[in-house]
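Structural description and commentary
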Amino acid sequence: MKRLRIAVTVLLLALAFGPAVPQSSAATPDRVRIIFDPTFYSHLPILRAIDAGYFRDENIDLRLTPSSGSSTAFLPMLARGDFDLGTANPSPAFFNQFSAGFNVVLLAGQTGSHAGWHDSTWLMVRQDLWDAKTIRVPADLKGKNADGANVGSPIDFLLKEAIKSGGLTLGDLRVGERYKSPADALEGLKNHAIDVVGVNEPAASQIEAQGYAHRWLSFETVAPWYQPEYLAASAQFAKDHPAIIKRFLRAYLRGNDDILKSGGKWTAMTMAEAVKRTGMASDVLRGMAGPTFPAQH
């Protein structure tokens, strides 16, 4: 995973740095097709770049296809070239594509963990167990019933890193992959069928606000080096259009820098952007303290 992060950083350095040069002399903007779920507020840097006109400044006509669900579902479409760009996470589906004869190219990290910034993925402790101080540190997972959603997913990885940090093995507790959606997790918590469960934002904050569970551990606590999401390109598009990718990354990093300037707290700009693009109300977003940490360069 660390090698993967280094490779992405090198690609950013090679392609993206340098002053933005207006492309007004070009007669027709270059069309770039991208697919991702804009309701995930971890995508704020690219959404900011769209709304601030940074892609337009680079003579790119960015065509966004909004699609709900995991970025894993986008991989086949990206590998086939149905889209030029999309999002990807380091899941089994991502690595298995190579053995299946497909390929995509990672361009940039999209989100990570950093002190003072809100994380997008949490392990949550059922509220009665938290109030009783039954679970406070990773070693307290011993003998408990925990769920990591889908095997190989960021939630699953977070749970297994927490188990490891507590000096435990999988045999020291009951680990399942039953609760694959926030609705499933909430039901399990209500029924006391689960002690610890992984949930993504904004559902984690909403479950906590309803009093069913406490947000406990995130990547910042047990694996701060982990990057759960990346921007990726179709291998053919990356091969055929390196200049367009360079301009795309320049625009993207301008949006990224705008989010970095918030220091991890909601500002008028970041809040307005999140409300507009995610469809979440401002009071729901404030329950998450601030944006997730974007890629740093």
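Refer to the preceding data block for the structure.
In this text the structure is predicted, and so the values were computed from the model without any measurement.

This next bit is on the nonpolar core. In this structure, I34, I46, F55, L85, F248 and Y252 are the most contacted members of the largest nonpolar core, which totals 37 residues. The dominant element in this core, judged by the number of residues it contributes, is helix 12 (residues 242–260), at 7 residues.

Take the environment of D147 next. With respect to the secondary-structure elements, D147 resides in strand 6 (residues 145–147). On the basis of relative accessible area, D147 is assigned to the buried category, the value being 2%. Separated by 47 residues in sequence, D147 and I194 have C-alpha atoms that sit 7.4 Å apart. One polar contact links the side chain of D147 to the main-chain amide nitrogen of R178, over a distance of 2.7 Å.

Here the focus is the packing of helix 2 (residues 44–51) against helix 12. Contact geometry of helix 2 with helix 12 gives a least axis separation of 7 Å together with a crossing angle of 110°. In terms of orientation, helix 2 lies roughly perpendicular with respect to helix 12. Across from L44, P45, I46, R48 and A49 in helix 2, the residues of helix 12 making contact are F248, A251, Y252, G255, N256, D258 and I259. Class assignment of the residues belonging to the contact of helix 2 with helix 12 gives a composition of 8 nonpolar, 2 polar and 2 charged.

This brings us to helix 2. Extensive coverage of helix 2 is indicated by the burial of 6 of its 8 residues. Where helix 2 is concerned, the buried positions are L44, P45, I46, L47, R48 and A49. Following helix 2 by one or two positions, G53 adopts a phi angle in the positive range, close to 80°.

Definitions and limits used
- Residues numbered from 1 in each chain as written.
- Predicted model: local features only at pLDDT ≥ 70, side-chain atom pairs only at ≥ 80, totals over all residues.
- Heavy atoms only, no water.
- Core = buried A, V, L, I, M, F, W, Y, C linked by side-chain atoms within 4.5 Å.
- Buried < 20%, exposed > 50% of the residue type's maximum accessible area, 1.4 Å probe, protein only.
- Helix = DSSP H or I, 4+ residues; strand = E, 2+ residues; numbered from the N terminus.
- Polar contact = N/O pair within 3.5 Å; in protein donor to acceptor, adjacent residues only side chain to side chain.
- Axes fitted to C-alpha atoms, helices over the stretch in contact; angles between N-to-C directions.
- Parallel < 35°, antiparallel > 145°, perpendicular 65-115°, else oblique.
- Contact = heavy atoms within 4.5 Å.
- Nonpolar A, V, L, I, M, F, W, Y, C, P; charged D, E, K, R; others polar.

By themselves these figures say nothing about function.
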